[in-house]
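One letter stands for each residue in the lines below.
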Amino acid sequence: MIAITNATIFNGKGEVIENHMILVQDGKIESVTAQEELDKSYQVIDAKGKIVTPGLIDVHTHLGISEEGVGKEGHDFNETSDAVTPQVRAIDGINPMEPGFGDARKAGVTTVQVMPGSANVIGGEMVVLKTVGTIVDEMVIKSPSGMKAATGENPKKYHGEKGRMPVTRMGVAALLREKLIEAQNYINSGQKERKLGLENLAKVLNKEVPLRVHAHRADDILTVLRLKREFDIDVTIEHCTEGQHIAEFIAKHDVRVSVGPTLSTRSKVELKDKDWTTIKVLLDAGVPCSLTTDHPVVGIDYLVTSAIHAIRNGITEQQALTAITLDAAKHLGVEDRVGSIEPGKDADLVIWSGNPFDLRSIPEKVFIDGEVVN
């Protein structure tokens, strides 16, 4: 039983609550109340002069599946033997001992989505994890949390150069359509013979999980929205780099987007219009947004740095916090567990030395499920 007292709370819902305390019991947030006399059974942590936020969430990472500093042996995120691999699962390639998990905790990132890479048109299933633990299965919040797909230059490059489809953006969209139609036929036929890839795509068609699609350019984003309409499926747009050009159109389609990794360089032609104003334009249009580092493209410890840059370019501090807490949780479908400081939710909390959007501030204490992990 823990009591964090005298806290200024940024609760993840856009609210700032002064001089309150957070009571934690059995790994859950018990209550958020004004200061009062406490039962002696509580371990008291005085947060006077500090700011408490929910644990941060990065919605789009390759943490533990693309290991840093290892080389080929640690590259378990792209199964490039085929352009369409819905049968694979990210959870089977994650190394929980990878140092990036420690970097995440030190930076206050307590929840991540880990997904296959973007070399394939369909890359496989993804998973949402807490960032502490040595047994991946015990770190899971949600599995599967989506099916990865990718448009644009990456699948064209990886497979077109091997002399197989897709060579063009037309080919990317065609392969997506073909496989979704094959999955529809599999569902409708009532086949008893199991086909793992089609089973996994059936979850998308039945709206059990969304299709989460890597799309940088505006034309690729439009392809994703076209497929959403054609197959009546839930999608998220991952990266959405040129989303600012078509924000009003995106807003008509009831989709969530992740924006980033804007802190990266313009390493390919699809990123030529990358800009820190993208998230502001999308938010102003009514599109729910999260921010991402796409770790290890940008280190996961730069998630708050990315939020600071977005603030410098027009969004508010509370919008930035929501983009890496509650809206991020909603993006992943885990808002019942994490993303805000509310009774009943997991006690994933960060006590900051000062304003988290001042780069000089540090996470002094990080809690996951009520336990100090950093």
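Below you will find a few notes about this structure. (Residues numbered from 1 in each chain as written. Predicted model: local features only at pLDDT ≥ 70, side-chain atom pairs only at ≥ 80, totals over all residues. Heavy atoms only, no water.)

1. Structural notes on the overall build of the chain
Then step 1. Secondary structure summary: the chain contains 11 helices and 16 strands in total.
Then step 2. In terms of principal-axis extent, the alpha carbons of the chain reach across some 70 × 45 × 40 Å.
Then step 3. Taken across its 374 residues, the chain has 56% of its residues classed as buried.
Then step 4. Carbon and sulfur atoms form 47% of the exposed surface of the chain, whose accessible area is close to 15200 Å². (Helix = DSSP H or I, 4+ residues; strand = E, 2+ residues; numbered from the N terminus. Buried < 20%, exposed > 50% of the residue type's maximum accessible area, 1.4 Å probe, protein only. Areas by Shrake-Rupley, 256 points an atom, 1.4 Å probe, with all protein chains shown as cover.)

2. Re the pattern of salt bridges
Then step 1. One pass over the full model with this rule turns up 24 salt bridges.
Then step 2. For Glu230, the salt bridge identified is with Arg177, shortest N-O distance 2.8 Å. Note that Glu230 is positioned in helix α6 (residues 218–231) and Arg177 in helix α4 (residues 169–189), a separation of 53 residues in sequence.
Then step 3. Owing to a relative accessible area of 41%, Glu230 belongs among the partly exposed residues under this scheme.
Then step 4. When its relative accessible area of 26% is taken as the criterion, Arg177 is described as partly exposed.
Then step 5. Between Glu342 and Lys345 there is a salt bridge whose closest N-O contact spans 3.4 Å.
Then step 6. The network of salt bridges with shared partners includes Lys28, Lys130, Arg337, Asp346, Asp348 and Asp369. (Salt bridge = Lys/Arg side-chain N within 4 Å of Asp/Glu carboxyl O.)

3. Considering the packing of aromatic side chains
Then step 1. Applying the stated criterion across every chain yields a total of 0 aromatic pairs.
Then step 2. Directly above the ring of Tyr158 sits Lys157, whose terminal nitrogen or CZ lies 5.6 Å from the centroid. (Phe/Tyr/Trp six-rings, centres within 6.5 Å; stacked < 30°, edge-to-face > 60°. Lys NZ or Arg CZ within 6 Å of the ring centre and 35° of its normal.)

4. Some thoughts on the side chain of Thr110
Then step 1. Among the secondary structure elements, Thr110 is positioned in strand β7 (residues 109–114).
Then step 2. Setting aside residues no more than four positions away along its own chain, Thr110 makes contact with Gly55, Leu56, Leu129, Lys130, Thr131, Asp348, Val366, Phe367 and Ile368. (Contact = heavy atoms within 4.5 Å.)

5. Here's the deal with the sheet that holds strand β13 (residues 289–291)
Then step 1. The sheet built from 8 strands is open, its strands ordered β6-β7-β8-β9-β10-β11-β12-β13 with mixed pairing. In the strand order of this sheet, the two ends are held by β6 (56–61) and β13, each with one partner. Between one strand axis and the next, the sheet turns by 25° as a mean value, whatever way the strands run.
Then step 2. Pairing geometry for β6 and β7, over 4 bridges, is parallel. (Pairing = 2+ DSSP bridges. Axes fitted to C-alpha atoms, helices over the stretch in contact; angles between N-to-C directions.)

6. Some remarks on unusual backbone geometry
Then step 1. For the peptide bond that leads from Gly260 to Pro261, omega is 5°, which places it in the cis range.
Then step 2. Tracing the backbone through its elements, the reader meets Pro261 in the loop between β12 (256–259) and α8 (278–284).
Then step 3. Cis peptide bonds are those with omega within 30 degrees of zero, and the linkage from His295 to Pro296 qualifies with 10°.
Then step 4. You will see that Cys240, though not glycine, has its phi angle at about 55°, which is positive.
Then step 5. Its location among the elements puts Cys240 in the loop between β11 (235–239) and α7 (247–251).

7. What to know about the nonpolar core
Then step 1. Counting 75 residues, the largest nonpolar core has Leu129, Leu211, Ile237, Ile250, Val257 and Leu282 as the members making the most contacts within it.
Then step 2. The residues contacting Val257, other than those within four sequence positions of it, are Ile237, Cys240, Ile250, Leu282, Val287, Pro288, Cys289, Ser290 and His331.
Then step 3. The next biggest cluster of nonpolar side chains, apart from the first, holds 15 residues, and it includes Ala7, Val24, Ile29 and Ala347. (Core = buried A, V, L, I, M, F, W, Y, C linked by side-chain atoms within 4.5 Å.)

8. Considerations on the pairing of β6
Then step 1. Buried residues dominate β6, accounting for 6 of its 6 residues.
Then step 2. You can see the chain leave β6, run along helix α1 (residues 100–106) and come back into β7, and the turn it takes is right-handed. (Right-handed = clockwise from strand over helix to strand, strands pointing away.)

9. Details of the side chain of Asn11
Then step 1. Following the sequence through the fold, Asn11 ends up in the loop between β1 (2–10) and β2 (16–25).
Then step 2. Classification of Asn11 by relative accessible area gives buried; the value is 3%.
Then step 3. Here the side chain of Asn11 touches Lys13 through a polar contact of 2.9 Å, landing on its backbone nitrogen.
Then step 4. At 2.6 Å, the side chain of Asn11 forms a polar contact with the side chain of Glu15.
Then step 5. Not counting chain neighbours up to four residues away, the residues in contact with Asn11 comprise Ile17, Pro54, Gly339, Ser340 and Ile341. (Polar contact = N/O pair within 3.5 Å; in protein donor to acceptor, adjacent residues only side chain to side chain.)

10. Concerning the environment of Gly71
Then step 1. By the element assignment, Gly71 lies in the loop between β6 and α1.
Then step 2. Of the residues examined, Gly71 reaches a relative accessible area of 30% and is grouped as partly exposed.
Then step 3. The spacing of Gly71 and Asp58 is 13 residues in sequence and 24 Å in space, taken between C-alpha atoms.

11. Remarks on the packing of α4 against α6
Then step 1. Running from N to C, α4 and α6 point in directions that differ by 20°, and their axes come no closer than 11 Å. Of the possible angle classes, the one that applies to α4 and α6 is roughly parallel. The hand of the α4/α6 crossing is right-handed. Counted together, Arg169, Ala173, Leu176, Arg177, Leu180, Ile181 and Gln184 of α4 and Asp219, Asp220, Thr223, Arg226, Leu227, Glu230 and Phe231 of α6 form the full contact between these two elements.
Then step 2. In terms of residue class, the contact of α4 with α6 is made up of 6 nonpolar, 2 polar and 6 charged. (Parallel < 35°, antiparallel > 145°, perpendicular 65-115°, else oblique. Left-handed = near helix turned anticlockwise from the far one by under 90°. Nonpolar A, V, L, I, M, F, W, Y, C, P; charged D, E, K, R; others polar.)

12. Digging into the environment of Glu317
Then step 1. Here Glu317 lies in helix α10 (residues 317–323).
Then step 2. With relative accessibility at 31%, the residue Glu317 sits in the partly exposed group.
Then step 3. As for Glu317 and Thr168, which are separated by 149 residues in sequence, their C-alpha atoms are 41 Å apart.
Then step 4. Look past the residues within four positions of Glu317 in its chain and what remains in contact with it is Phe10, Ile311, Asn355 and Phe357.
Then step 5. At 3.3 Å, the side chain of Glu317 forms a polar contact with the side chain of Asn355.

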